[in-house]
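# An overview of the molecular structure
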Amino acid sequence: MTKTTGTAGDPPYLRIVAVIRRRIADGELAPGDRVPSIRQIAGEWGVALATATKALTTLRLEGLVEARPRIGTVVAGTAPAAPARRRPSPARDPEQELSLDRIVRTAIEIADAEGLSALSMRGVAARLGVAAMSTYRYVPSKEDLVLHMADAAFGEESYRADAPEDWRTRVELGARTLWSLYRKHPWLAQLGSLTRPLLVPNLMVHGEWVLGALDGHGLDPTTLFDIHVLLYSHVQGLAVHLEMEAHAEAATGQSEDQWMDSRAPALRELVESGRFPTFSKVVGAFEDGYDLRLDALFEFGLKALLDGLTSIVEGQETVA
């Protein structure tokens, strides 16, 4: 977590403001440079999106930063003359240095920081400092770009050649590897569905790993593939909530806890209605409320699934 230089007694947003203000004063962030986005601030300082939003709003009211369409929040003012940047030599011309890999990596950075909804071909071109239409020479549409992004992101993790022999250990490794990628790139889980799967090579690498772990145990093809789909749905089904929560925080300005606190009267009315006795008993038994921990829920569900599947995979039980 980044250390701030504001007064210890200041609210978190003011300490964040103090750090960014210093970076601007020291020239670390020059006029026209992008400042950390709301999501980047939330991750770097470990604060809620609402706090990060308040910090950027304060800087904007002070005239230090400004929002620019398709670019984001930048340091206010006109960038000082820099001939090397304004008239780059051919060897450093952004157009000549452009490549599919650079476009995809830049798009991933935008989606990680701002969400997939903030992604546009024009925005990627602006971030790269090239003409809006330049990116279309490498990728024909945003839809195609997203497929390239997904393939690149899923390709960031792979598996060692000396795979564990135990099927369960291999499946656990595959599920946790996929979960870590969704954690790193929350927008990934929003792409595709079980009925219309995302068909990109590097996602198939993870599917091949799990299928390879289950193969050779006498399962018929349908049962084998059903188990693979069930395991994938557990990972992806939980991961979709990572990006959904980020969107909800950005839209409401409330963290998950703050949102639940605001719904306390409605929850109390349900509990006291007498219509849901079991729900009321369970909720009433929580000393400090229920903490929804997606990482813990992922591990709990994975263990439960594998415990239940063991007798089928190991041939002790047949599927009707």
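Throughout this document, residue positions are counted from 1 along each chain, in the order its sequence is written. Totals for whole chains, interfaces and linings use every residue, but because this is a predicted model, local features are given only for residues with pLDDT of at least 70 and side-chain atom pairs only at 80 or more, for both listing and counting. Hydrogens and waters are ignored; side-chain quantities use all the structure's heavy atoms.

### Focus on the overall build of the protein
Strands here are runs of E lasting at least two residues and helices are runs of H or I lasting at least four, both read from the DSSP assignment and numbered beginning at the N terminus. Check the secondary structure of the protein and you find 15 helices and 2 strands. In this scheme, a residue with accessible area under 20% of its type's maximum is buried, one over 50% is exposed, and one in between is partly exposed, where area comes from a 1.4 Å probe on protein chains only. Across the 320 residues of the protein, 37% fall into the buried class. We call two residues in contact when some of their heavy atoms are within 4.5 Å. Once local pairs closer than 6 in sequence are excluded, the contacts in the protein between residues at least 24 apart make up 68%. Each accessible area is a Shrake-Rupley estimate made with a 1.4 Å probe; only the visible protein chains count as cover when residues are assessed. Only carbon and sulfur atoms are counted for the fraction: they give 55% of the accessible area of the protein, which is about 18,500 Å².

### Details of helix 1 (residues 12–25)
Multiplying 1.5 Å by the residue count of a helix minus one yields the expected span of that helix. Given a rise of 1.5 Å per residue, 14 residues ought to cover 20 Å, and the 20 Å separating the end C-alpha atoms of helix 1 matches this to within 8%. One or two residues past the end of helix 1 sits glycine 27, with phi positive at roughly 85°.

### Details of the pattern of salt bridges
Counted as salt bridges are all cases of a side-chain nitrogen of Lys or Arg within 4 Å of a carboxyl oxygen of Asp or Glu. By the definition in use, this model includes 13 salt bridges. Across the pair glutamate 44 and arginine 23 runs a salt bridge whose closest N-O atoms are separated by 3.2 Å. Of this pair, glutamate 44 sits in helix 2 (residues 38–45) while arginine 23 sits in helix 1, and the two are 21 residues apart along the sequence. Taking relative accessible area as the criterion, glutamate 44 reaches 26% and is therefore assigned partly exposed. Overall, the relative accessible area of 13% leaves arginine 23 in the buried class.

### Considering the layout of surface pockets
Here the idea is plain: a probe the size of a water molecule rolls over the atoms and shows the empty space left. Put simply, the largest pocket is a space of about 1,200 Å³. A pocket here means an open set of points on a 1 Å grid, computed over the protein atoms alone, that has protein on both sides within 12 Å along at least five of seven lines. A cavity is instead a set of points where a 1.4 Å probe fits but cannot get out; residues with an atom within 4 Å of a point line either one. The wall of the largest pocket is formed by 39 residues, among which Glu245, Glu256, Asp257, Met260 and Leu292 lie closest to the centre. Elements supplying a minimum of two residues to the lining of the largest pocket: helix 2, helix 11 (221–252), helix 12 (256–262), helix 13 (264–272), helix 14 (277–285) and helix 15 (294–313). The greatest single-element share of the lining of the largest pocket, amounting to 9 residues, is contributed by helix 11. For the lining of the largest pocket, the per-class residue count stands at 22 nonpolar, 6 polar and 11 charged. Grid points are joined across faces, edges and corners, and a volume is the space filled by probe spheres set on the points. The classification used treats Ala, Val, Leu, Ile, Met, Phe, Trp, Tyr, Cys and Pro as nonpolar, Asp, Glu, Lys and Arg as charged, and all other residues, Gly among them, as polar.

### Quick notes on helix 11
In this model helix 11 runs 46 Å from its N-terminal to its C-terminal C-alpha over 32 residues, within 8% of the 46 Å that 1.5 Å per residue would give. Capping the start of helix 11 is the job of one residue whose side-chain oxygen sits 3.1 Å from the backbone nitrogen of threonine 222: aspartate 220. At the exit of helix 11 stands glycine 253, carrying a positive phi of roughly 75°. Here a polar contact means two N or O atoms within 3.5 Å. Within protein one must be a hydrogen donor candidate and the other an acceptor candidate, and residues neighboring in sequence count only if both atoms are side-chain atoms.

### As for the packing of helix 2 against helix 3 (residues 49–61)
Inter-axis angles, ranging from 0 to 180 degrees, are taken between N-to-C directions of lines fitted to C-alpha atoms, where helices are fitted over the stretch in contact. Following both chains from N to C, one finds helix 2 and helix 3 inclined at 115°, their axes separated by 8 Å at the closest point. Viewed along their axes, helix 2 and helix 3 form a crossing whose handedness is right-handed. Contacts from Ile38, Arg39, Ile41 and Ala42 in helix 2 reach Leu49, Ala52, Thr53 and Leu56 in helix 3. Across the contact of helix 2 with helix 3, the residue classes break down as 6 nonpolar, 1 polar and 1 charged. Note on convention: the crossing is left-handed when the near helix lies turned anticlockwise from the far helix by less than a right angle, right-handed when the turn is clockwise.

### Remarks on the nonpolar core
The term nonpolar core refers to a set of buried residues drawn from Ala, Val, Leu, Ile, Met, Phe, Trp, Tyr and Cys, joined through side-chain atoms within 4.5 Å. Counting 60 residues, the largest nonpolar core has Leu119, Leu145, Met149, Phe154, Tyr182, Trp187 and Leu231 as its most contacted members. At the level of secondary structure, the elements contributing two or more residues to this core comprise helix 6 (100–114), helix 7 (121–128), helix 8 (142–154), helix 9 (167–184), helix 10 (201–214), helix 11 and helix 15. With 9 residues, the top contributor of residues to this core is helix 11. Aside from chain neighbours lying at most four places away, what touches methionine 149 is Val104, Ala107, Ile108, Ala111, Leu116, Leu119 and Trp187. Counting residues in each nonpolar core, the second largest holds 19 residues, with Tyr13, Trp45, Leu59 and Val75 among its members.

### Some details on a negative patch on the surface
A patch consists of residues whose relative accessible area exceeds 30% and which take part in no salt bridge; residues with like charges are grouped when within 9 Å of each other, and nonpolar side chains (Val, Leu, Ile, Met, Phe, Trp, Tyr) when within 5 Å. A positive count includes Lys and Arg, and a negative count includes Asp and Glu. His and the chain ends are not counted in either. Charge positions come from single atoms, namely NZ of Lys, CZ of Arg, CG of Asp or CD of Glu. The grouping of Glu256, Asp257, Asp261 and Asp291 at the surface amounts to a negative patch. Summarising the element assignment, aspartate 257 is placed in helix 12.

### A short note on the packing of aromatic side chains
Stacked, edge-to-face and tilted labels apply to pairs of Phe, Tyr and Trp rings (six-membered ring for Trp) whose centres lie within 6.5 Å, assigned for plane angles under 30 degrees, over 60, and everything in between, in that order. Considering all chains together, one arrives at 4 aromatic pairs under this definition. Judged by centre distance (5.9 Å) and plane angle (85°), the ring pair of phenylalanine 154 and tyrosine 182 falls under edge-to-face. Of the two residues, phenylalanine 154 sits in helix 8 while tyrosine 182 sits in helix 9, which places them 28 residues apart along the sequence. The same class applies to phenylalanine 154 and to tyrosine 182, which are both buried. Summarising the aromatic geometry, the rings of tryptophan 179 and phenylalanine 298 are spaced 4.8 Å apart at their centres and angled 5° between planes, so their arrangement reads as stacked. On the criterion of sequence distance, the pair formed by tryptophan 179 in helix 9 and phenylalanine 298 in helix 15 is long-range, its members being 119 residues apart. We note that tryptophan 179, like phenylalanine 298, is buried. In this scheme, the term charge over a ring applies when either NZ of a lysine or CZ of an arginine sits within 6 Å of the ring centre and within 35 degrees of the ring normal. One Lys or Arg, arginine 170, reaches over the ring of tryptophan 209 and ends 4.4 Å from the middle of that ring.

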